[in-house]
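Survey of secondary and tertiary structure
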Amino acid sequence: MYRSPPGARGFALTIGLLGGGLILAFIVGLLAYWGLQAAFPRPFDNPWPGYLTLFFTAVAYIPMLVVMGRRFPYITDWYYLLPAILFLLAFTVYPIFLTVYYGFTNYNGVNANNAPDRASEVQVVGLQGRTLTLSEDPTAKFRCEERGGCAGLRLELTAENNRASATIARVEGTTVELTAAPNFTPTLAYRINDVQFIGFGNFARIFSQAGTILWPVFVWNIIFAFFAVATNAVVGLILGLMLNNKNLALRGFYRTILIISWAMPAVISFQIWSAMLNVQFGPINRFLGLLGSYPIPWLTDPEWAKVAVLLVNIWLGFPYWMTATLSALSTIPDDVYEAAKIDGASPAQTLVGITLPLLRQPFMPLLLGSFAYNFNNFGLIFLLTAGGPAAEGRPSTAQSTDILISWAYKTAFQADGGQAWGLGGAISVIIFVITVGISLINFRVTGALKEVR
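Residues numbered from 1 in each chain as written. Predicted model: local features only at pLDDT ≥ 70, side-chain atom pairs only at ≥ 80, totals over all residues. Heavy atoms only, no water.

Turning next to the overall build of the protein chain. Summing up its helical and strand segments, the protein chain has 16 helices and six strands in all. The dimensions of the protein chain, computed from C-alpha atoms along their principal axes, are 105 × 75 × 35 Å. Expressed as a percentage of the 453 residues in the protein chain, the buried residues total 36%. At a minimum sequence separation of 6, the contacts of the protein chain that also span at least 24 residues come to 66%. In the form shown here, the protein chain has an accessible surface area of approximately 26300 Å², with 66% of it arising from carbon and sulfur atoms. If the 27 positive side-chain charges of the protein chain are averaged to one point and the 23 negative ones to another, these points end up 10 Å apart. (Helix = DSSP H or I, 4+ residues; strand = E, 2+ residues; numbered from the N terminus. Buried < 20%, exposed > 50% of the residue type's maximum accessible area, 1.4 Å probe, protein only. Contact = heavy atoms within 4.5 Å. Areas by Shrake-Rupley, 256 points an atom, 1.4 Å probe, with all protein chains shown as cover. Lys, Arg positive; Asp, Glu negative; His and termini not counted. Charge placed at Lys NZ, Arg CZ, Asp CG, Glu CD.)

For the structure shown, the criterion picks out eight salt bridges. The salt bridge involving Arg118 is made with Glu156; its shortest N-O contact spans 3.2 Å. In this pair, Arg118 sits in strand S1 (residues 116-128) while Glu156 sits in strand S3 (residues 154-158), placing the two residues 38 residues apart along the sequence. Taking the relative accessible area as the measure of exposure, Glu156 reaches 1% and is therefore buried. Across the salt bridge formed by Arg163 and Glu156, the nearest N and O atoms sit 3.7 Å from each other. Taking relative accessible area as the criterion, Arg163 reaches 45% and is therefore assigned partly exposed. Within the structure, one salt-bridge network assembled from shared partners comprises Arg130, Arg170, Glu172 and Glu177. (Salt bridge = Lys/Arg side-chain N within 4 Å of Asp/Glu carboxyl O.)

What follows deals with the sheet that holds strand S6 (residues 188-192). Read around the closed barrel, the six strands follow the order S1-S2-S5-S4-S3-S6; overall the barrel is antiparallel. Adjacent strand axes in the sheet meet at a mean angle of 50°, parallel and antiparallel pairs treated alike. In this structure, S1 lies alongside S6, joined through four bridges in antiparallel fashion. Counted as the bridge partner of Gln123 is Leu188 from S6. (Pairing = 2+ DSSP bridges. Axes fitted to C-alpha atoms, helices over the stretch in contact; angles between N-to-C directions.)

In this structure, Ile206, Phe375, Leu404 and Trp407 are the most contacted members of the largest nonpolar core, which totals 25 residues. The set of elements that each furnish at least two residues to this core consists of helix H5 (201-208), helix H6 (210-243), helix H13 (347-375), helix H15 (404-414) and helix H16 (421-446). Residue contributions to this core peak at eight residues, all from H16. Dropping the residues within four chain positions of it, Ile206 is found in contact with Leu214, Trp407, Leu423, Ala426, Ile427 and Ile430. One finds Trp220, Trp273, Ile296 and Leu384 within the second-largest nonpolar core, a separate group that totals 18 residues. (Core = buried A, V, L, I, M, F, W, Y, C linked by side-chain atoms within 4.5 Å.)

Buried within helix H9 (residues 266-276) we find Ser269, Phe270 and Trp273. The arc enclosing the buried residues of H9, seen along the axis, measures out at 100°, which places them on a common side. Its buried side turned inward, H9 meets helix H8 (260-263), helix H10 (283-290), helix H11 (302-329) and helix H14 (378-384). (Arc of directions from axis to C-beta.)

Next up on the list: the state of the cysteines. All chains considered together, the criterion is met by one disulfide. At a sulfur-sulfur separation of 1.7 Å, the disulfide partner of Cys144 is Cys150. Judged by the sign of its S-S torsion, about 95°, the bond between Cys144 and Cys150 is right-handed. Judged on exposure class, the residue Cys144 and its partner Cys150 are both buried. (Disulfide = S-S within 2.5 Å.)

Turning our eyes to something else, we now look at the packing of H6 against H11. One can describe the packing of H6 onto H11 by two numbers: an axis separation of 6 Å at closest approach and a directional angle of 45°. In terms of orientation, H6 lies oblique with respect to H11. Here the hand of the crossing between H6 and H11 comes out right-handed. Looking at side-chain class alone, the contact of H6 with H11 contains 18 nonpolar, seven polar and one charged residues. (Parallel < 35°, antiparallel > 145°, perpendicular 65-115°, else oblique. Left-handed = near helix turned anticlockwise from the far one by under 90°. Nonpolar A, V, L, I, M, F, W, Y, C, P; charged D, E, K, R; others polar.)

The next subject is the environment of Ser135. Here Ser135 lies in the loop between strand S2 (131-134) and helix H4 (138-141). The spatial distance from the C-alpha of Ser135 to the C-alpha of Ala339 is 96 Å, given a sequence separation of 204 residues. Aside from chain neighbours lying at most four places away, what touches Ser135 is Val122, Gln123 and Val125.

Time to look at the pairing of strand S4 (residues 163-172). In the sheet, S3 pairs with S4 via five bridges, with the strands oriented antiparallel. The residue bridging Leu155 from the neighbouring strand is Ala166, located in S4. Count of turn residues in the S3/S4 antiparallel hairpin: four residues. Across four bridges, S4 lies against strand S5 (residues 175-178) in antiparallel orientation. Across the sheet, the residue bridging to Ile168 is Leu178, located in S5.

With that settled, the discussion passes to the packing of H9 against H11. When two helices pack together, their arrangement is given by the angle between the helix axes and the distance between those axes. The interhelical angle for the contact between H9 and H11, taken along N-to-C directions, is 145°, at an axis separation of 11 Å. Here H9 runs over H11; the crossing is right-handed. Along the contact surface, H9 presents Ser269, Phe270 and Trp273, while H11 presents Val312, Trp315 and Leu316. Its residues assigned to classes, the contact of H9 with H11 comprises five nonpolar, one polar and no charged.

As a further point, take the environment of Gln419. Within the fold, Gln419 resides in the loop between H15 and H16. Judged by its relative accessible area of 28%, Gln419 is partly exposed. For the pair formed by Gln419 and Tyr409, sequence separation is ten residues and the distance between their alpha carbons is 9.8 Å. Those residues in contact with Gln419 that sit more than four places away from it in its chain are Tyr107, Asn108, Gly109, Ala412 and Phe413.

Here the focus is unusual backbone geometry. Omega for the bond connecting Gly388 with Pro389 falls within 30 degrees of zero, at 0°, which places this linkage in the cis form. Turning to its location among the elements, Pro389 is positioned in the loop between H14 and H15. Look at Arg143: it is not a glycine, yet its phi comes out positive at around 55°. Tracing the sequence through the fold places Arg143 in the loop between H4 and S3. Located in the positive-phi region is Leu250, a residue other than glycine, with phi close to 60°. Structurally, the position occupied by Leu250 is in the loop between H6 and helix H7 (251-258). A residue is classified by how much of its surface remains accessible, and Leu250, at 57% relative accessible area, is exposed.

And the structure:
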């Protein structure tokens with residue numbers, strides 16, 4: 001049996017070999033893809049699929065693994081973990097890296113494919129060397145002000161049967177100097193909406209509207225997460241204590257009935273509750289009408305919509321806490337309760353002095369985990385209210401019941417023409433920082449990370 005060098009040196013060497021080989025294989029795959037494009041060119045609007053790069057990478061990486069296994073036999077033990085590591089990199093690390101990267105770019109649906117913007121069409125009057133003469137002012141037509149000037153802007157130049165891309169070196173009046181001249185005389189020029197690194201531009205945009213968007217959404221997010229955990233935990237705890245009574249008749253039947261809402265798919269529950277809370281035709285308002293109450297605008301009034309969200313969340317969440325309570329109570333020995341009974345403790349004293357203190361330790365990590373889950377409870381908000389109803393002075397992406405994660409989603413897929421992925425990525429980075437901060441505060445206050453001696 002071959003053993004790797006001991007300690008951190010062996011670990012670093014193994015990771016370096018596997019990671020370095022993967023990077024080298026990716027470079028080979030990328031070069032092979034570019035070679036394929038050069039050897040067998042395809043139309044501009046139908047290029048070779050980018051996933052071929054991964055295929056060429058795999059073809060290059062497999063022989064490398066064989067060679068490394070023969071040269072360093074101990075590394076073959078890691079080959080069993082290699083598929084899991086690759087999946088972790090592809091589906092966890094890479095999306096996180098991409099989200100953070102997008103947060104510092106202007107990436108959106110307009111420039112995602114580096115496609116020419118047909119709205120910026122300008123006629124070409126003539127071409128002399130590398131200098132284009134246009135029929136209109138390119139600075140205004142190509143919207144150079146939004147990127148700080150036309151230098152470096154890419155253009156698509158077209159003629160009847162030709163198409164090429166070019167880069168602007170400088171602009172003077174209606175003349176444009178290119179970095180390289182095309183091999184034909186173009187008749188039309190278009191701006192190419194390319195993805196650009198804009199630094200903290202997205203974050204500056206978010207915080208410039210913090211008073212009307214970020215802080216209201218954040219405050220409601222905290223309130224929602226806190227009350228969602230508190231109400232669910234209290235209701236589940238009460239039901240769990242009641243159902244733990246061995247003298248309760250039909251105890252199993254009650255457990256089965258009360259857990260139905262947890263077993264039912266959440267999507268169906270949201271649709272049913274949306275219909276039940278309808279202002280005019282919902283059965284809840286009809287029942288309240290029989291009692292003499294006016295119809296409650298559950299999903300159309302900003303404040304009542306927040307109440308409705310919390311009520312529906314109780315319906316979906318209390319079975320979890322009820323089950324957790326029953327499980328935790330089953331671990332408490334009966335001898336403890338018998339001793340308390342012999343000492344003359346009342347049921348209330350037993351509950352306060354024995355049951356609740358013993359439930360504190362198993363409940364604490366559940367409370368923290370539940371808070372983190374509800375802080376990002378996208379499904380409830382998006383499927384029940386879609387973030388609505390509208391809030392005065394706020395955009396459609398940040399309405400009255402929107403939380404941070406739904407705001408990020410709606411911004412990424414509904415703002416700026418449909419896909420403001422850069423802005424959505426910036427919001428996701430902010431959510432990550434806030435979530436980590438809240439988690440650290442929770443751990444510090446509750447002492448969840450302290451070692452038990």
